[in-house]
There are 2 protein chains.
Amino acid sequence: MSVRSAFLVLLGPGPRHGYQLKAEFDDATGESWPLNYGQVYTTLQRLEKAGAVASLGEDEDGRIRYELTDHGREEAEEWMASPVQQPLASRDEIAMKVLLAVRTDPGRAVAVIDVQRQATMSTLQTVTRMRAEGGDLPWMLHLDRTAMLAEAELRWLDRAEERLDAEAGADSPKADARLRSTPIEETT
Amino acid sequence: MSVRSAFLVLLGPGPRHGYQLKAEFDDATGESWPLNYGQVYTTLQRLEKAGAVASLGEDEDGRIRYELTDHGREEAEEWMASPVQQPLASRDEIAMKVLLAVRTDPGRAVAVIDVQRQATMSTLQTVTRMRAEGGDLPWMLHLDRTAMLAEAELRWLDRAEERLDAEAGADSPKADARLRSTPIEETT
DNA sequence: GAACGGACATATACTCTGTATATATACCCA
DNA sequence: TGGGTATATATACAGAGTATATGTCCGTTC
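Remember, predicted model here, so these are calculated numbers, not experimental data.

Outline the sheet that holds strand E3 (residues 64-68) of chain A, listing residues and values.
Residues and elements named next belong to chain A. The strand order across the open sheet built from three strands is E1-E3-E2, with neighbouring strands paired in antiparallel fashion. Among the strands making up the open sheet, the edge pair consists of strand E1 (16-17) and strand E2 (53-58). Bridge analysis of E1 against E3 gives two bridges, and the strand direction is antiparallel. Following the sheet pairing, arginine 16 is matched in E3 by tyrosine 66. Of the strands in this sheet, E2 and E3 are in contact with helix H3 (residues 37-49), which crosses E2 at around 115 degrees.

See the structure below:
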């Protein structure tokens, strides 16, 4: 529902046509949310069908502008005012991969974690370099976010490996911390 | 593509039917990935069409079991071996909300951040309580992940607020740290 | 023994999201 | 004048997710 909501917000200041919304959306969100033109017009059609926007018909240049209805303004306000409810840790592909590895081939889970750690560390390095170079606000916020989520992922990978070690039994507590990105800490 | 990949992995050990895959999937991923039955059978049909699995026809109990083809086994292996490429910070609804607020109503952005911070802190508290209670491996990994991502989100919200303050001009650097969840730190 | 509910098992319809692609005009510039 | 780029809209299609229908089998309960 995010693109839908975004359009409602962008229509707040006044009528816009599809191309314009797409341009403003790109400008506002920077690189963080690639939006395909195909989605622009289907979204507008759905919004119109739902009674959240109303078409103003073609203007002299043949562009179809839309304006918010009262209902649409209300929906925009509601979206803006309410927090995003934890799509945070749900449906996470890497978590799923680790869990599936644990189930189908327990010995492999650690390898999966190591591969992911390498990739995430590499992402983090790239982002850190980019952050140092600076940029406009949307771009910097995006980089901040990418960096912080990458750090969180690294912490989780470490924690997951700890849990797997513990699960595997306390039989061989060898020096297995060589690949860890951070020292093991107490998280309880 | 994640459910698709998961099914291929779960089919690794041998033939399964839809209901069985759904059960194993739920068991392996815990609460973190709610899977609707509707998706199970459409996914299997798509996999069959793509030549990644082959139907074994109905068994004596009327259940339709599927087995991996060589192609499917290859796809499963490839998925397992490759890291998840940063869907990390892209297409993030809360980031989008903040960015849209900045653009359409700059003064409001801080309010959006504050609302989200309250919600995320509340999530974190709940999760912390749950972690203390323990549970099986999938569940604990899920809770770990939720907690770490929530912490990352709080850090990002703080950072975003700092950037907005800076943007707003160095004119009124008042004591605006009251709501921050962590002390301001240098992230450069 | 009949009726009910719950576990097992599959299927279809539909919406939403996203990608690819077709189409057309206008404008610049070489 | 012809080609590339920006402006502008639309359609077809695949994938992901939700809701819901359908049916069997089995054990319990009245």
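More follows now that the structure is in view.
I'd like a description of H3 of chain A, backed by residues and values.
Residues and elements named next belong to chain A. Between its terminal C-alpha atoms H3 stretches 19 Å, which fits the 18 Å expected from 13 residues at 1.5 Å a residue. Within the sequence span of H3, burial applies to Val40, Thr43, Leu44 and Leu47. Buried residues in H3, looked at end-on, bunch into an arc of 100 degrees, giving them a common side. Seen from the buried face of H3, the exposed residues on the opposite side, beyond 90 degrees, are Arg46 and Lys49.

Kindly report on the pairing of strand E2 (residues 53-58) of chain B, identifying the contributing residues and their values.
Residues and elements named next belong to chain B. Looking at chain direction, E2 and strand E3 (residues 64-68) are connected through four bridges and run antiparallel. Across the sheet, the residue bridging to serine 55 is tyrosine 66, located in E3. Connecting E2 to the antiparallel partner E3 that follows it, the hairpin turn spans five residues, and glycine 62 within it adopts a positive phi of roughly 80 degrees.

Explain the environment of alanine 109 of chain A to me, using residue names and the numbers behind them.
Considering the arrangement of structural elements, one finds alanine 109 of chain A in helix H6 (residues 109-133). When near neighbours in sequence (up to four residues on either side) are disregarded, alanine 109 of chain A contacts Val98, Ala101, Val102 and Leu164 of chain A.

Which residues make up the relation of the copies chain A and chain B, and what values do they have?
Screw-axis analysis of chain A against chain B gives a translation of 0.0 Å along the axis, an RMSD of 0.0 Å, and a rotation angle of 180 degrees. The relationship between the two copies is best expressed as a two-fold rotation axis. When the interface residues of chain A are mapped onto chain B, 100% of them again lie at the interface, so the same face is used by both copies.

Explain the packing of aromatic side chains residue by residue, including any values.
All names here are of chain A. One pass over the full model with this rule turns up four aromatic pairs over all chains. Centroid distance phenylalanine 7 to phenylalanine 25: 6.4 Å. Interplanar angle 80 degrees. Geometry classified as edge-to-face. Residue phenylalanine 7 is located in helix H1 (residues 2-10), and its partner phenylalanine 25 is located in helix H2 (residues 18-29); the two are separated by 18 residues in the primary sequence. For phenylalanine 7, a relative accessible area of 0% translates into the label buried. Their ring planes at 10 degrees and their centres at 5.5 Å tell us that tyrosine 19 and tyrosine 37 sit as a pair that is stacked. You can see tyrosine 19 sitting in helix H2 and its partner tyrosine 37 sitting in helix H3, a full 18 residues away along the chain. With a relative accessible area of 52%, tyrosine 19 lands in the exposed category.

Break down the confidence of the model for chain A for me, with residues and values.
Residue and element names in this part refer to chain A. A residue-level look at chain A finds 86% of positions with pLDDT of 70 or above and a mean pLDDT of 84. Per-residue pLDDT, averaged within each element of chain A, yields its smallest value for E2 (87) and its largest for H6 (93). Contacts from residues 170-179, a stretch scored under 50 in pLDDT, to residues over four places away or in other chains number five contacts.

Got a sec to walk through the interface of chain A and chain B? Specific residues and values, please.
Each partner contributes to the interface: chain A provides 66 residues, whereas chain B provides 66 residues. The junction of chain A with chain B conceals about 6,900 Å² of combined surface from both sides, 66% of it contributed by carbon and sulfur atoms. As a salt-bridge pair, glutamate 153 of chain B and arginine 145 of chain A come within 3.0 Å of each other at their nearest N and O atoms. Linking chain A to chain B there are 21 residue pairs in polar contact (both at pLDDT 80 or more). Elements with a minimum of two residues in the side of chain A that touches chain B: H1, H2, helix H4 (70-81), helix H5 (93-104), H6 and helix H7 (137-167) of chain A. Ranked by residues supplied to the side of chain A that touches chain B, first place goes to H7 of chain A with 20 residues. Class assignment for the residues of the side of chain A that touches chain B results in 37 nonpolar, 12 polar and 17 charged.

Thresholds, definitions, all that
Residues numbered from 1 in each chain as written. Chains lettered and ligands numbered in written order. Predicted model: local features only at pLDDT ≥ 70, side-chain atom pairs only at ≥ 80, totals over all residues. Heavy atoms only, no water. Pairing = 2+ DSSP bridges. Helix = DSSP H or I, 4+ residues; strand = E, 2+ residues; numbered from the N terminus. Contact = heavy atoms within 4.5 Å. Axes fitted to C-alpha atoms, helices over the stretch in contact; angles between N-to-C directions. Expected span 1.5 Å × (residues − 1). Buried < 20%, exposed > 50% of the residue type's maximum accessible area, 1.4 Å probe, protein only. Arc of directions from axis to C-beta. Least-squares fit on C-alpha atoms with pLDDT ≥ 70 in both. Phe/Tyr/Trp six-rings, centres within 6.5 Å; stacked < 30°, edge-to-face > 60°. pLDDT = per-residue confidence, 0-100. Buried area = accessible area lost by both parts, 1.4 Å probe. Salt bridge = Lys/Arg side-chain N within 4 Å of Asp/Glu carboxyl O. Polar contact = N/O pair within 3.5 Å; in protein donor to acceptor, adjacent residues only side chain to side chain. Nonpolar A, V, L, I, M, F, W, Y, C, P; charged D, E, K, R; others polar.

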